[in-house]
Amino acid sequence: MIELLIIKSGEKYIRCREGAYFPSSLEKASVFPMEKLEHVRDILSDLQSRGFADISLCKLIVTEEPFTDDPELTVSSNTNLSRRDAEKNR
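For clarity, every value in this text was computed on a predicted model and none was experimentally measured.

(A) Layout of the overall build of the protein. In terms of regular secondary structure, the protein is built from two helices and five strands. Helices and strands in the protein line up, N terminus first, as β-β-β-β-α-β-α. Summarising the internal contacts of the protein: among those between residues at least 6 apart in sequence, 58% fall at separations of at least 24. Per element, the accessible surface of the protein, about 7000 Å² overall, is 48% carbon and sulfur.

This is how it looks when you write it as structure tokens:
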């Protein structure tokens with residue numbers, strides 16, 4: 001499990017790029033490790049001073065688990081097989 005900080009303005013997330021801030025989708029939002037909390041607090045202050053409304057700081061929790069889009073294919077968590085490799089092994 002990984003915990004990351006993410007900033008929201010209303011229903012949109014914030015993307016930080018070269019000192020500029022943009023409302024964005026989750027896929028484009030900037031995320032920060034927990035160790036950067038003080039830096040993120042500075043960004044929050046800057047966003048408020050620039051007139052961004054309804055600013056909030058959220059914790060994004062990321063978990064990792066094996067994935068396959070082929071329900072017949074079972075892959076060990078220690079194995080990295082491509083679909084082509086899996087087909088060869090059938």
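(B) Structural view of the nonpolar core. One finds Leu-5, Ile-7, Ile-14, Tyr-21, Phe-32, Val-40, Ile-43, Leu-44, Leu-47 and Ile-55 forming the largest nonpolar core, which totals 10 residues. Of all the secondary structure elements, the ones that give two or more residues to this core are strand S1 (2-9) and helix H1 (37-49). The greatest single-element share of this core, amounting to four residues, is contributed by H1. Sequence-distant contacts of Tyr-21, that is, excluding residues within four places in its chain, are made with Ile-14, Arg-15, Cys-16, Ile-43, Asp-46, Leu-47, Arg-50 and Phe-52.

(C) Fine view of unusual backbone geometry. Positive phi, close to 50 degrees, is recorded for Glu-18, a residue that is not glycine. Checked against the element boundaries, Glu-18 lands in the loop between strand S2 (12-17) and strand S3 (20-24). On the accessibility criterion, Glu-18 (80% relative accessible area) is exposed. Despite not being glycine, Asp-54 has its phi angle at roughly 50 degrees, a positive value. Mapped onto the elements, Asp-54 comes out in the loop between H1 and strand S5 (55-62).

The rules behind these values
- Residues numbered from 1 in each chain as written.
- Predicted model: local features only at pLDDT ≥ 70, side-chain atom pairs only at ≥ 80, totals over all residues.
- Heavy atoms only, no water.
- Helix = DSSP H or I, 4+ residues; strand = E, 2+ residues; numbered from the N terminus.
- Contact = heavy atoms within 4.5 Å.
- Areas by Shrake-Rupley, 256 points an atom, 1.4 Å probe, with all protein chains shown as cover.
- Core = buried A, V, L, I, M, F, W, Y, C linked by side-chain atoms within 4.5 Å.
- Buried < 20%, exposed > 50% of the residue type's maximum accessible area, 1.4 Å probe, protein only.

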